[in-house]
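So you can see what is in the structure, the chains are spelled out below.
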Amino acid sequence: MVLWSKEQDKPSEMSTGAIEAKKEGAPPAYHHTNGSVHPIILTDSPEELRPEAGVYELTEVTSFSERTEAEDDRPEMVVIDCRANAKGQREEDALLENASQSNESDDVSTDQSPVPPAPLKESSFSIGLQVVFPFLLAGFGTVAAGMVLDIVQHWTVFTEVTEVFILVPALLGLKGNLEMTLASRLSTAANIGHMDTAKDMWNMIMGNLALIQVQATVVGFLASIAAVIFGWIPEGQFKLGHAVLLCASSVSTAFIASLLLGLIMIGVIIGSRKVGINPDNVATPIAASLGDLITLSLLAGISTGLYKQLDHNNYANPLVCAFFVALTPVWVLIARRIPSTREVLYSGWEPVIIAMAISSIGGLILDKTVSNPNFAGMAVFTPVINGVGGNLVAVQASRISTYLHLVALPMGQPSPTSTKCPTPCTTFFSSNVNSRSARVLFLLVAPGHLVFLYAINSMQGGHTSLTSVFIAFYMTAALLQVLILLYLADWMVNWMWGRGMDPDNFSIPYLTALGDLLGTGFLALCFHFLWLIGDRDTDVGD
């Protein structure tokens, strides 16, 4: 930030990063210690002192008391070094650009961005203690979602319009594409001090809520198109009424679920900071704890209600779809007003759309597997294995991203501790905090799934007996899924950071979508293998 000050306005002290400019005859250049370059902000006020063109010699001073009387008669220019990280620096630059375009005020603010704190020192025990309870809560949420899917798979809308199954992973994946990304983004902002003041906090909240509503509407619409295409190509039949039903159900479910979960996320992050808990450890699992259950319940209820209108009201489905799409420009205008979400509004579509397409492929696998009566038992386990893998990898990605922001490493510069392609030993067995958290998260997989399988068995859910053979196949699939995801998170987050892409906005959608695809694919293979070796008890839970 560059400040023009007059003699009567001089402060008694300056920061170490302050420099004094002396005129010598050519345009000046101003460099911060972190390498960033700031523009000069000039106002039209006649009281402001303007320098003439020329060369300025830059000399470092620690206070104004060191200056001579002769120097006191000269105009001066002060450059204050804001030691902000890469994300905060871009937000400040956007604010400076807005200020330079406005002449409504002659006041020049002297506030500095807060210095980011040092990376959190966490032991394996503290990481596990903070993660385990949200992880179990999220897991029981996925168990509840699995029980719901096990029931609704027999409803008329799911049997007559089987393409609804394709929507399930895509819409459940919204918690990774939108809510977990929102949680990661807000957790990072809270940890680096961008939500310390009420004004900053409300700007972040309003901008991010509007942003996820835009993304939810667009992703819901595209997911319905993907479901129509994937359902039409194998069967060769296209029904316009079913296509409109899928569109209306998908858009309305995505919109309502994202709004509810976004509000819950904001409350969790603000509450975590007040009680001294790292939001990265709790926000993303809690986002998933209710995400699957709320989204799946909304999808089943809305699609059933709209399906009943097909025979009575031909305009109900198009009107529902048009209503939510028409609200999109409102959310766009709100998101554009906030610098921190303006960039994501324009550049954050690629990961969300690609992740939706990946999840839709997993939905196609689910549709073709569950629609076969011999594999009906797969439905209750699909949200569980996908949810657990997505929750754990989202925690790891959020932690690595926060670590990179906290060390104030310029975005676009690779981390000194990362390699182009890390080995599994580097990811899981090195001494750094990210490797420590990877080990903790991986060790939670087996006991967590055993608890969730016991819960499903106690409620007599599903259509498969929990034999030792089934548990062995299931645990192999779950461990392999999380192992691959944690390794990919270590590589992907550091790679994106080195390419100048904010991992908070790009990594989690890809990782959770891959978790859906790997989980659904591995689970389908398990049931096919079990069928081949003779485990064919499909009547359990009927």
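Check the entry above for the structure.
Just so it is clear, the model here is predicted, and its values are computed rather than measured.

Within this structure, the stated rule accounts for 15 aromatic pairs. Geometrically, the ring pair formed by Trp491 and Trp495 is stacked, given 5.7 Å between the ring centres and 20° between the ring planes. Of this pair, Trp491 and Trp495 both sit in helix H18 (residues 468-498), four residues apart, which is roughly one turn of the helix. On the basis of relative accessibility, which here comes to 28%, the residue Trp491 falls in the partly exposed class. An aromatic cluster is built from Phe255, Phe323, Phe324 and Trp331, whose rings are joined through pairwise contacts.

All right, on to a nonpolar patch on the surface then. A cluster of nonpolar side chains, Phe221, Ile225, Ile229, Trp232, Ile233, Phe238, Leu240 and Val325, forms an exposed patch at the surface whose accessible area comes to about 760 Å². Here the nonpolar patch gets five residues from one element, more than from any other, and that element is helix H7 (residues 198-235). In this structure, Phe221 sits in helix H7.

Below, the discussion takes up the environment of Ala145. For Ala145, the location among the structural elements is in helix H3 (residues 124-152). Taking relative accessible area as the criterion, Ala145 reaches 0% and is therefore assigned buried. Along the sequence, Ala145 and Gly387 sit 242 residues apart, while their C-alpha atoms lie 9.7 Å from each other. Setting aside chain neighbours within four positions, we find Ala145 in contact with Asp292, Leu293, Leu296 and Pro383.

Thresholds, definitions, all that
Residues numbered from 1 in each chain as written. Predicted model: local features only at pLDDT ≥ 70, side-chain atom pairs only at ≥ 80, totals over all residues. Heavy atoms only, no water. Phe/Tyr/Trp six-rings, centres within 6.5 Å; stacked < 30°, edge-to-face > 60°. Helix = DSSP H or I, 4+ residues; strand = E, 2+ residues; numbered from the N terminus. Buried < 20%, exposed > 50% of the residue type's maximum accessible area, 1.4 Å probe, protein only. Patch = residues over 30% accessible without salt bridge, like charges linked within 9 Å, V, L, I, M, F, W, Y side chains within 5 Å. Areas by Shrake-Rupley, 256 points an atom, 1.4 Å probe, with all protein chains shown as cover. Salt bridge = Lys/Arg side-chain N within 4 Å of Asp/Glu carboxyl O. Contact = heavy atoms within 4.5 Å.

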